[in-house]
Structures are given as structure tokens and as C-alpha cells.
Amino acid sequence: MPERRARPVPTRGNRKPIWRRAAAPATDPPSDPPASGPAPADAKTDAVEAGSVVQAALYRDGVRVATPATLADTFRELREQPDGMAWIGLARPTENEILSLAAEFDLHPLAVEDAMEAHQRPKLERYGETLFVVLRAARYLDASEEVDFGELHVFLGPDFLITVRHGAAPDLSAVRRRMEETPELLSLGPEAVLYAILDAVVDGYAPVVSGVQNDIDEIETEVFGGDPWVSRRIYELSREMVEFQRATRPLVGMLHGLMAGFAKYGTDDELQRYLRDVADHVTHTSERVDGFRQALTDILTVNATLVTQQQNAEMRALAEAGFEQNEEIKKISSWAAILFAPTLVGTIYGMNFTHMPELHWTLGYPFAIVLMAVVCTSLYVIFKRRDWL
């Protein structure tokens, strides 16, 4: 059988490809020139560990024909079957694994950089015959009531499809089982697998949308119930909706870009219908997410209004309590002043001074009593007019 000939590796001017630069040893090159003749095609991958390889398989006409244990075996089997398709699944791969794939399938350096660094926004880029797709999957965690986001990179070529998964979602093993159960769809090639992956990612948004809707309903109840911690929950869920928007909104444009290239790249008619269905679901999900974010913004505004009203009511109650307390203090002070007047008069008369004329005056006692009464009455009238009593 004829071997699959490797395509030329793209370079940036006179610089080596990025994966070759990353894999090159840091020591100085040997002084002797290397021996002539090509190196074995799988020499770069023999040392690559298979710890991150979730599953690698070769397919022909939609049927699995081989399940290699390592990347090196996968490359070798694919060369021996030029009519086959390799589907390689990686989870949090090492740098050597990505570099070996890049060297084998001539992946573009920019796409390789993105796959290594991760934390990319959803996008679709075409490098010659290779399509590079970045997807953001999501799943709802019931225990913590949080949305967990994962990242998936897909390299798509004429006879291969490589998935690089960063995160727990999505479950690509279910996608592989689904495609293997429908060999007529799998026989359409890597594009069909890409559709199945897109469909799985988009279907994974449905439980998230349902969970977020329940959270928003609970938050509305907590807002009008006066829960003091609801503001934090609204803020955290709003942050998650921002991430959800970043995952879904670019996907709408990506799918429309794929649909725009149907005629140019000769996409199968049945596959076109499937992709249009996925695009409809993405559009619906994106609209729901936009609605969630707006609803959370409105809820946060309502909550702020209710908190302000509650604070105003508390301040009003404090002011009223202070007013009532002030009134009581005025009453106490008024009676204290009234009672102090006779005490003052009585204290003076009780000093028993020798040269105090009132002591030997016949009317001294009645005068003191009348004086006390007049002072107390005057103070009572004054305080009563001022509403202190």
C-alpha cells in the first residue's frame, strides 16, 4: 500500500516552526553533521507517553478498523490505510504530545500555540486544508449551584480529527459511541464528527439554561424575602452569565461561517441540515443567556431599591425612637427642674443662719411655702407652653 506522504511544514520566514523550536534541546548542536537520510517517520512519537490520550481510533467507511494504543501507533496505522480517518482524543495533553501531532499532521503554529495555552475564546479558523475550532462547553453542578466551563480544541483535516480537551466537559466518549452507532453518518468524514461534537456541546447548554432559570426563580424569592446574602448570589450568577455569553455568542457566527462555506467545500446535504439545526439551537440558547443577564441586572436593581427602602425605614424608625426618647428626656428634665425649686428654697431656710431675718419672722414659714408653690407653678406653666410636659 502506498504511504501517505507528509505535507511540507509551514514556517515563519527563516524561523523554524514553533513546535520544532519548542521541542529542540537547549544544548549546543553537535559539531559533526548529521547522518544523511530521512529519520524514521515515527521517531518523534515513540517517546511520547499515552497518559493524555483518551482514545485513538482509525475508521474506514464509518467503521472502526483499528484502536492504536499510542500516538506513534496511530500515525503508523494511518499511513498504512490512506483511505482511513484517524480520530484522536486528548485530555489535558502534554506539550510533547501536541508537538508530535503538529509535526505529523502539519498543524499551523498559531493553532498549536492556542492549543497549548488554552483559555481561548470560541472561534473558527482555517489554515489551508486544516480547520481549527475552539469551543467552550458548560455543565451545571447541582451540588454547588454553579456553572462549570470547559474548553475544547478541534483540529480537522482531510483524513483526521483531533480533539484537545481542557476541562471535564463535554463527554466526547458519548459522541464517539453515537457516531459509531451511525456508520452512515460517520462515513461522511471528519466534518460529520465535527457536527456531532458541536451538537454535543450545544445540547450540553440545555441543562445549564434550566439550572440557571431555577436559580433566578430562587433569587427572585430571596430578594422579596429580604435575604441579606442574595446580592452576592446575584453577582456570582451574573459573572457566570458573562462567561456563558462568551461561550455561546461567538458560536452563532462560527456556525453561520460554516454554513456559508457549504457550497465551496461541497458539504453533504444531510450534514448541512444537521448543522443548520445546531445553529438554530445555538441562537435560541444565546438569546436565553442574553435574557438571563438582563433579568439579573433588573433583579440587582430591584434588590438595591429594596435594600435602600429597608435602610430608609430603619433610619426613620431610629429617628422616631430618638424623637420619642428626646420627648421623655424633656419631661424628666422639666419635672426635675420643678422639684428642684422647693428643694432649693427649703435648703436655704434650713441653714439656720443667726442673722437671717426670715427665721424670726412670723410669716416666714408661709412665705417659704408660697415661694415654693409660685416657683414650681411658674416652671410648670413655662414647660407646658413649650410642650415639654
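Look up a bit, the structure's there.
Report on the accompanying structure. (Residues numbered from 1 in each chain as written. Predicted model: local features only at pLDDT ≥ 70, side-chain atom pairs only at ≥ 80, totals over all residues. Heavy atoms only, no water.)

Turning our attention to the overall build of the protein. Along the protein, the regular secondary structure elements total 12 helices and seven strands. The long-range share in the protein, meaning contacts at least 24 apart out of those at least 6 apart in sequence, stands at 65%. Carbon and sulfur atoms make up 55% of the accessible area of the protein, which amounts to about 22,100 Å² in all. (Helix = DSSP H or I, 4+ residues; strand = E, 2+ residues; numbered from the N terminus. Contact = heavy atoms within 4.5 Å. Areas by Shrake-Rupley, 256 points an atom, 1.4 Å probe, with all protein chains shown as cover.)

Glancing now at unusual backbone geometry. Glycine aside, residues mostly have negative phi, and peptide bonds are mostly found in the trans state. Phi is positive for Arg92, which is not a glycine, with a value near 45°. Mapped onto the elements, Arg92 comes out in the loop between β3 (85-91) and α3 (95-105). Given a relative accessible area of 54%, Arg92 falls into the exposed group. Positive phi values are uncommon outside glycine, yet Asp106 reaches one of about 55°. By secondary structure assignment, the location of Asp106 is in the loop between α3 and α4 (109-117). By relative accessible area, Asp106 is classed as buried at 10%. (Buried < 20%, exposed > 50% of the residue type's maximum accessible area, 1.4 Å probe, protein only.)

Before going further, it helps to spend a moment on the pattern of salt bridges. Under the counting rule described, the total for this entry stands at 15 salt bridges. One salt bridge in this structure joins Lys123 and Glu125, with 3.7 Å as the shortest N-O distance. Given a relative accessible area of 26%, Glu125 falls into the partly exposed group. Taken together, the salt bridges that share partners define one network made up of Glu145, Asp215, Glu218, Glu222 and Arg233. (Salt bridge = Lys/Arg side-chain N within 4 Å of Asp/Glu carboxyl O.)

So, on to the packing of helix α8 (residues 205-225) against helix α9 (residues 230-260). Relative orientation of the contacting elements α8 and α9 amounts to 155°, with a least axis distance of 11 Å. Considered as vectors, α8 and α9 are oriented roughly antiparallel to each other. Note that α8 runs across α9; the crossing there is left-handed. Of the residues in α9, those in contact with Tyr205, Val208, Val209, Val212, Asp215, Ile216, Glu218, Ile219, Glu222 and Val223 of α8 are Val230, Arg233, Ile234, Leu237, Met241, Phe244, Ala247, Thr248 and Leu251. Looking at the contact of α8 with α9 residue by residue, the classes come out as 14 nonpolar, one polar and four charged. (Axes fitted to C-alpha atoms, helices over the stretch in contact; angles between N-to-C directions. Parallel < 35°, antiparallel > 145°, perpendicular 65-115°, else oblique. Left-handed = near helix turned anticlockwise from the far one by under 90°. Nonpolar A, V, L, I, M, F, W, Y, C, P; charged D, E, K, R; others polar.)

Okay, helix α5 (residues 172-181) next. Those residues of α5 that fall on the buried side of the exposure criterion are Leu172, Val175, Arg176 and Met179. Down the axis of α5, the buried set is contained in an arc of 100°. They therefore lie on one face. (Arc of directions from axis to C-beta.)

For the rest of this paragraph, the subject is the sheet that holds strand β5 (residues 130-141). Within the open sheet, the seven strands sit side by side as β2-β1-β3-β7-β6-β5-β4. Their pairing is mixed. Each edge of the sheet is formed by a strand with only one pairing partner; in this case those strands are β2 (63-66) and β4 (123-127). Averaged over all pairs of adjacent strands, the angle between strand axes in this sheet comes to 25°, irrespective of strand direction. Where helix α2 (residues 71-80) meets the sheet, it contacts β1 (53-60), β2 and β3, and its direction lies at approximately 165° from that of β3. (Pairing = 2+ DSSP bridges.)

So, about the nonpolar core. Among the nonpolar cores identified, the biggest contains 58 residues, and Leu135, Met179, Leu194, Ile197, Leu198, Phe244 and Leu251 are the most heavily contacted of them. For this core, the leading source of residues is α9, giving 12 residues. Residues in contact with Met179, not counting those within four places in the same chain, are Trp87, Leu185, Leu186, Ala192, Val193 and Ala196. (Core = buried A, V, L, I, M, F, W, Y, C linked by side-chain atoms within 4.5 Å.)

Turning next to the packing of aromatic side chains. Summed over all chains, the structure comprises eight aromatic pairs. Relative to Phe155, the ring of Phe132 has its centre 4.8 Å away and its plane inclined at 35°; by these criteria the two rings are tilted. In this pair, Phe132 sits in strand β5 while Phe155 sits in strand β6 (residues 146-156), placing the two residues 23 residues apart along the sequence. A single burial state applies to Phe132 and to Phe155, both of which are buried. An aromatic cluster is present here, built from Phe75, Phe105 and Phe160 joined pairwise through their rings. (Phe/Tyr/Trp six-rings, centres within 6.5 Å; stacked < 30°, edge-to-face > 60°.)

As a further point, take the side chain of Ser334. Tracing the chain through its elements places Ser334 in helix α11 (residues 269-349). The residues touching Ser334, leaving out its near neighbours within four places in the chain, are Phe383, Trp388 and Leu389.

It is worth spelling out the environment of Val54 at this point. Turning to its location among the elements, Val54 is positioned in strand β1. For Val54, a relative accessible area of 52% puts it in the exposed group. The spacing of Val54 and Arg92 is 38 residues in sequence and 9.8 Å in space, taken between C-alpha atoms. If near-sequence neighbours (up to four positions away) are discounted, Val54 is found in contact with Gly89, Leu90, Ala91 and Arg165.

The next subject is the packing of helix α7 (residues 190-203) against α8. Two numbers describe how α7 lies on α8: the axes approach to 4 Å, and their chain directions differ by 10°. In terms of orientation, α7 lies roughly parallel with respect to α8. Counted together, Val201, Val202 and Asp203 of α7 and Tyr205, Ala206 and Pro207 of α8 form the full contact between these two elements. Residue composition of the contact of α7 with α8, by class: five nonpolar, no polar and one charged.

Turning to the side chain of Arg136, a few remarks are in order. Here Arg136 shows up in strand β5. Discounting residues that sit within four places of it in the chain, Arg136 has contacts with Gln120, Pro122, Phe149, Gly150, Glu151, Val201, Tyr205, Glu243 and Ala247.

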